[in-house]
Amino acid sequence: MTSFAFPPSFRFGAATAAYQIEGAAAEDGRGPSIWDDFCRTPGKVLHGDTGDVAVDHYHRYADDIALMRDLGLRAYRFSISWPRVQPAGTGPLNPAGADFYRRLVDGLLEAGIEPWPTLYHWDLPSPLEKAGGWPERDTAARFADYAAAIHDVLGDRVRNWTTINEPWCAAFLGYASGEHAPGRVEPAAALHAAHHLLTGHGLAVRAMRAQRPGNRFGAAVNLYAVSPETGDPADADAARRVDGMQNRFFLDPLFRGRYPADVLTDLAPYGFDPSGTEVAAQPLDHLGVNYYSRFTVSGLPGTAAQAVSSPYSTLSPWVGSESVRFVATGRPVTGMGWEIDESGLLEVLTRLHREYPAVPLHITENGAGYDEDAAPGATVDDRERIAYIAAHLRACARARERGVPLEGYFVWSLLDNFEWSWGYSKRFGLVRVDYATQERTPKASARWYADVIANGSL
Ligand code: IFM
């Protein structure tokens, strides 16, 4: 019988990202990022929200660590803001910026919480975008320099490092559909952005590993289960294309140093130049899987499902597969409109295990966003979030039973925060934040998760 139990070594954690929580956008020498610029572009972010203050984690990090300790978190996934530590995207580190992360890491270690940093969660320094951004090969080299510089500072106390987060979003929402920063609508450039995120990952791992061979390096990719709507060959082809662009476009370079042949064929009209892909395939010590939903797709005419990455979505991020239709199957959805399907997580994990070389895996993001409201200080009784996380944790336990080397799970997110184009309208936190006062109140899901961690089982 399934017990849904996890070993004591299992990394139960929660995740955040710098631009979404830190605030202090103009303090202590932080430079501007593409998200600062994008938020100031009318019609890009709901209500004109920005990350200027966010949830003020920059000033409240010690309280937030205490909150994590109370919940019993074993690990905390956060991202390092490139423009905070290297304001121009090149040149010397900003000592005050680096010191913030040193204090954060030391505080976590003192609280017995393992730091699990990510080096790029979408906040490219603006000067690098002015020089061409991720579509330029040089950005990959700049990323590796930044990675080595901050790893040099923190590498003695942080063992596990993640380079890039969700390169699909950074490349295709940022440069193809323009729903995310920097808001460019240049499909061919988006392919090169994705390529340089992958090669930048490889260069960064190579540089950091040379500094400290004992540290452990990986990347975090957002993977989806993808199903055809019907048995029609047009639907099967749509599923192949979307799986190709969302999953294999990233996994094949990371593990095999090349893009899938069928995807390169689909992309032939775009003049995509995949030269130098081999460097992406540095040996991985771990891989992060961000999982939220399943896609059901069709190549046949019909009605498209609602777009979900931005309230302003009009253009397709699916370069080479713009005519694929995303189908609503009638499954329950979260407040983001994303269908809830934990069977997709099991499918993604077992597929990774079957088709790619075995590396320790972590769910680096999984969670549910809703338009919650609550009186100030009141507890949010977020049963839907508990049900979502419980179902996905059961899928994790099942994957482990099938031999998948899954070593940890990070809820997205520790705190309510800035949800990109949706501004502050969607809340993903285990902990509610009153945006007027910055008061933190653990939701029912936080208490429930603390019990799961304490018991090591569901
Ligand atoms: O908030 C985001 C996060 O930054 C990246 N992954 C998905 C989350 C929810 O949309």
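Residues numbered from 1 in each chain as written. Predicted model: local features only at pLDDT ≥ 70, side-chain atom pairs only at ≥ 80, totals over all residues. Heavy atoms only, no water.

Asks: Got a minute to help me understand the site of the ligand in this structure?
Replies: Around the ligand, the structure places Gln20, His121, Trp122, Glu166, Tyr292, Trp338, Glu365, Trp412, Glu419, Trp420 and Phe428. For the ligand, an oxygen atom lies 2.5 Å from a polar atom in the side chain of Glu419. In the environment of the ligand, an oxygen atom lies 2.8 Å from a nitrogen or oxygen atom belonging to the side chain of Trp420. Coverage of the ligand by the protein chains reaches 95% of its 280 Å² of free accessible surface. Taken together, the residues of the shell around the ligand sort by class into six nonpolar, two polar and three charged. (Near = heavy atom within 4 Å. Polar contact = N/O pair within 3.5 Å; in protein donor to acceptor, adjacent residues only side chain to side chain. Areas by Shrake-Rupley, 256 points an atom, 1.4 Å probe, with all protein chains shown as cover. Nonpolar A, V, L, I, M, F, W, Y, C, P; charged D, E, K, R; others polar.)

Asks: When you look at empty space enclosed by the protein in this model, what are you seeing that I'm missing?
Replies: Where empty space is left can be seen by rolling a probe of water-molecule size over the atoms. Summed over the entire model, instances satisfying the criterion amount to four cavities of 30 Å³ or more. Looking at the largest cavity, its volume works out to about 60 Å³. Contributing to the lining of the largest cavity are Ile34, Trp35, Tyr120, Trp122, Trp134, Cys169, Ala170, Tyr175, His180, Ala181 and Pro182. Those elements that place two or more of their residues in the lining of the largest cavity are helix H2 (34-39) and helix H8 (167-175). Counting residues per element, the lining of the largest cavity draws most heavily on H8, at three residues. (1 Å grid on protein atoms, 1.4 Å probe; cavity = no way out; pocket = protein on both sides within 12 Å on 5 of 7 lines; lining within 4 Å. Points joined across faces, edges and corners; volume = space filled by probe spheres on them. Helix = DSSP H or I, 4+ residues; strand = E, 2+ residues; numbered from the N terminus.)

Asks: Help me understand the packing of helix H7 (residues 137-154) against helix H9 (residues 187-211) in this model?
Replies: Between two packed helices, the angle of one axis relative to the other and the distance separating the axes together describe the packing. It is at 8 Å that the axes of H7 and H9 come closest, and there the two elements cross at 30°. One way to sum up the angle between H7 and H9 is to call them roughly parallel. In terms of crossing hand, the pair formed by H7 and H9 is right-handed. Counting all contacts with H7, which are made through Arg137, Ala140, Ala141, Phe143, Ala144, Ala147, Ala148, His151 and Asp152, the residues of H9 involved are His196, Thr199, Gly200, His201, Leu203, Ala204, Ala207, Met208 and Gln211. (Axes fitted to C-alpha atoms, helices over the stretch in contact; angles between N-to-C directions. Parallel < 35°, antiparallel > 145°, perpendicular 65-115°, else oblique. Left-handed = near helix turned anticlockwise from the far one by under 90°. Contact = heavy atoms within 4.5 Å.)

Asks: Whenever I open this one, the side chain of Asp285 confuses me. Can you help?
Replies: Relative to the helices and strands, Asp285 resides in the loop between helix H11 (261-266) and strand S7 (286-290). The buried category is assigned to Asp285, whose relative accessible area is 19%. Among the polar contacts made by the side chain of Asp285, one reaches the main-chain amide nitrogen of Phe217 at a distance of 2.8 Å. Ignoring anything within four residues of it in the chain, the contact list for Asp285 reads Arg209, Asn215, Arg216, Phe217 and Pro360. (Buried < 20%, exposed > 50% of the residue type's maximum accessible area, 1.4 Å probe, protein only.)

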